[in-house]
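Residue-level listing of the chains:
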Amino acid sequence: MVATSLPFVETQSPAHICPYDQACNYLEWAAKELKLDAGIVEILSHPRKVVTVSIPIKMDNGEVRVFAGHRVQHSDILGPYKGGIRYHPAVTLREVSALAMLMTWKCALLGIPYGGGKGGIPIDPKKFSVGELERISRRYISELIKDIGPSVDIPAPDMGTSAREMAWMMDTYSVNVGHSVPGVVTGKPLSIGGSLGREMATGRGVMIIVRESLKDHGISLTGVRIAIQGFGNVGGAAAELLHQAGAKIIAVSSGAGGIFAEDGLDISAVKAYAAQNRRSVVGFPTAKAISNADLLTLPCDVLIPAALENQITEENVHEIKAQFIAEAANGPVTLEANQVLEARGVTVLPDILANAGGVVVSYLEWVQGLSYLFWDEERVNKEMEYLMVQAYHKVMEEAKTRRVNLRLAAYTLGVGRVAQALTDRGLYP
Ligand SMILES: NC(=O)c1ccc[n+]([C@@H]2O[C@H](COP(=O)([O-])OP(=O)(O)OC[C@H]3O[C@@H](n4cnc5c(N)ncnc54)[C@H](O)[C@@H]3O)[C@@H](O)[C@H]2O)c1
Ligand SMILES: N[C@@H](CCC(=O)O)C(=O)O
C-alpha cells in the first residue's frame, strides 16, 4: 500500500469508504501495472498543496456563521491546477483531495495541459438564500487569492455550483487584483467570457463515450434503455442528449428520489418539471416513484451514475443488471465493485474518460479567452468530440495491448503521462 495519510489533521469521511484511500488504491493499481518507481508513487500519492480557509458570513437574519472552505492542489506537473468547486453537505477534505487527484489523471489522459485540483465547501446550497451563497462564494475566493490564477489554479463548477458562482468568483478575484481576469475560472456565463457548449459539455461527453462504446459492441443508441442517477448539470444534459439521439431514458433521479417509466420518460417535460420544483424530479406526473438505491439495480442496458461517489459498492454490485456503466460522476464505482463487474463482462466506462467533456470545454474556454477569439458552438462541440473520441480509442488500444480493463487502461495512460513528466523534470532540490 502507498502512504495515504494526508499532511493535515482531518476527521474521517462520513462514508464508510474513504474516498482518498480509494483514490490511492487506484493510483497504486496503475503504478503496479506501469512498474513505477516507488518514489514517484510516493510523490503522486500526496497533494502538493492543501488549503482550508474560514469563511465568516453574515446570514440574512444577522447571525454570523463560519464555514470551512477547502482547495486541494494535487499536481501541477503538466500545467496549472484545474478542477471544480463542490458545494455539498458530504464534502470533506479527504473527498476533495481524492477528487483533485482524479483531475490530475483526467487532464493527463485527455492530453490537455493542466494538473489537477478541487475545491469544496460542506454546505447544502438549497438551504441558503442567493445573497448568502454569493457572500460565501466571494469570501471563499477572496481567501484563496494568492493560491489561484489563470496560470496557477483555475476553478470551475462541480456539484452544487454553476456559472452563477463562477461569475461571483471571477468578479471577486478581478476586484482584488485590480483588473479583470476572466481566465481565473472556467464555466463562466457567456457575458463574461464563458464558452458556448460548456453548460452541456460533460453530458455531451458522456453521450459520446456511451455512443462509441455501444458502437464497438455493434449496438446503436436507438431504443437503448438507460437509467441515470442524478439530474443536475451532468445527468440532466446526458439525459437530454441521449434522449435526442434515440435512447429510451427509463429512470432519472435527484437527491430526494427518482422516477421510472417502463416506456421511457419525456425528458423535456421532466426538465421543465424540475425547473419548477427546485431541481427535483420527485412527484413528476405519469411516472412511478423509485428510490435512488433501486434506480441503480433496474434492468436496463446502460446505467449512468451522475451524482456522488461510492454508489456501486460490494454491497449492491451483485444486483446491478446493466451491461454498460458510464461513470458520469467522479468515483461512483468502488475498485472492488469494478472488479466484480468486469469479471461479469460488464463494460465500465471510467470517470476520467466518461465525464471529461466538462474539463475539455473548460480548456477550450480558457484557450478562447487567452486568444481573445470566441468560437461558435458547432466548433466547440467538434473540438471536444475530437478529443473525447481520440481519448476513447487510446484507452481501448491500451486495454487491448496491456490486456487490462478500461479503468486500468485509462489510469495507466493518465498516471503514466504524469509520471513520465515528473521523471523528466526531476526532483528539486
Ligand atoms: N459539472 C461538471 O462540469 C462536472 C464535470 C465532470 C464530472 N462532474 C461530476 O458529476 C457529478 C454531478 O455533478 P453536477 O455538476 O451534475 O452536479 P449538480 O449539483 O448539477 O447535480 C447533482 C445531481 O445529483 C443529485 N444528488 C445530490 N445528492 C444525491 C444523492 N445523495 N443521491 C442521488 N442523487 C443526488 C442532485 O439532486 C442533482 O440532481 C459529480 O460527481 C461531479 O463531480 C461534474
Ligand atoms: N468539476 C468538473 C469540471 C472541472 C473543470 O472544468 O475544470 C470535473 O470534475 O471534471
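What you see is a predicted model, and the numbers here were worked out from it, not measured in a lab.

> Explanation requested: the site of ligand 1 in the structure shown.
Near ligand 1 you find 24 residues, and of these Asp158, Asn233, Gly255, Ala307 and Asn330 are the closest. Between an oxygen atom of ligand 1 and a main-chain N or O atom of Gly255, the distance comes to 2.8 Å. For ligand 1, whose free accessible area comes to 820 Å², the fraction covered by protein is 88%. Tallied by class, residues from the shell around ligand 1 come to nine nonpolar, eleven polar and four charged.

> For this particular structure, what's the right way to read the UniProt feature "active site" (unreviewed entry) in the chain?
Feature annotation in UniProt places "active site" (unreviewed entry) on Lys118, given in this structure's numbering. Within the secondary structure, Lys118 is located in strand E4 (residues 116–121). Here Lys118 falls in the buried class, since its relative accessible area comes to 1%. Ignoring sequence-local partners within four residues, the contact set of Lys118 consists of His70, Arg71, Val72, Gly84, Val96, Leu99, Ala100, Met103, Asp158 and Asn330.

> What's the story with unusual backbone geometry in this structure? I'm lost.
For the bond from Tyr428 to Pro429, the omega torsion is 5°, close enough to zero to count as cis. Despite not being glycine, Arg279 has its phi angle at roughly 70°, a positive value. With respect to the helices and strands, the residue Arg279 is situated in the loop between helix H8 (267–276) and strand E9 (288–290). Look at Arg279 and you get exposed, because its relative accessible area is 53%. Its identity as a non-glycine residue notwithstanding, Arg403 has a phi of 55°, on the positive side.

> Whenever I open this one, the site of ligand 2 confuses me. Can you help?
Neighbouring ligand 2 are 14 residues; Lys82, Lys106, Lys118, Asp158 and Ser362 lie closest to it. At 2.7 Å, a side-chain N or O of Lys106 approaches an oxygen atom of ligand 2. One of the side-chain N or O atoms of Asn330 is found 3.1 Å from an oxygen atom in ligand 2. Within the complex, 95% of the 300 Å² of free accessible area of ligand 2 lies under protein. Tallied by class, the residues present in the shell around ligand 2 amount to four nonpolar, five polar and five charged.

> Help me out: how do you make sense of the sheet that holds E4 in this one?
Across a sheet, strands are paired by hydrogen bonds formed along the backbone, either parallel or antiparallel in direction. Here we have five strands laid out as an open sheet, ordered E1-E2-E4-E3-E5, and mixed in their pairing. The open sheet has two edge strands, strand E1 (49–58) and strand E5 (153–157), and neither has a second partner. On average, adjacent strands in this sheet sit at an angle of 20° to one another, irrespective of strand direction. Bridge count between strand E3 (residues 81–87) and E4: three bridges; the pairing is parallel. Pairing of Arg86 across the sheet is with Gly120, part of E4.

> Explain the nonpolar core here, please?
One broad rule of soluble globular proteins: the nonpolar side chains tend to lie buried together. In this structure, Leu242, Val252 and Ile304 are the most contacted members of the largest nonpolar core, which totals 97 residues. Excluding residues within four positions of it along the chain, Ile304 makes contact with Val206, Val210, Ile226, Ala227, Ile228, Gln229, Leu242, Ala326 and Ala328.

Cut-offs used in this document
Residues numbered from 1 in each chain as written. Chains lettered and ligands numbered in written order. Predicted model: local features only at pLDDT ≥ 70, side-chain atom pairs only at ≥ 80, totals over all residues. Heavy atoms only, no water. Near = heavy atom within 4 Å. Polar contact = N/O pair within 3.5 Å; in protein donor to acceptor, adjacent residues only side chain to side chain. Areas by Shrake-Rupley, 256 points an atom, 1.4 Å probe, with all protein chains shown as cover. Nonpolar A, V, L, I, M, F, W, Y, C, P; charged D, E, K, R; others polar. UniProt positions renumbered as here; feature names shortened; annotations may be inferred. Helix = DSSP H or I, 4+ residues; strand = E, 2+ residues; numbered from the N terminus. Buried < 20%, exposed > 50% of the residue type's maximum accessible area, 1.4 Å probe, protein only. Contact = heavy atoms within 4.5 Å. Pairing = 2+ DSSP bridges. Axes fitted to C-alpha atoms, helices over the stretch in contact; angles between N-to-C directions. Core = buried A, V, L, I, M, F, W, Y, C linked by side-chain atoms within 4.5 Å.

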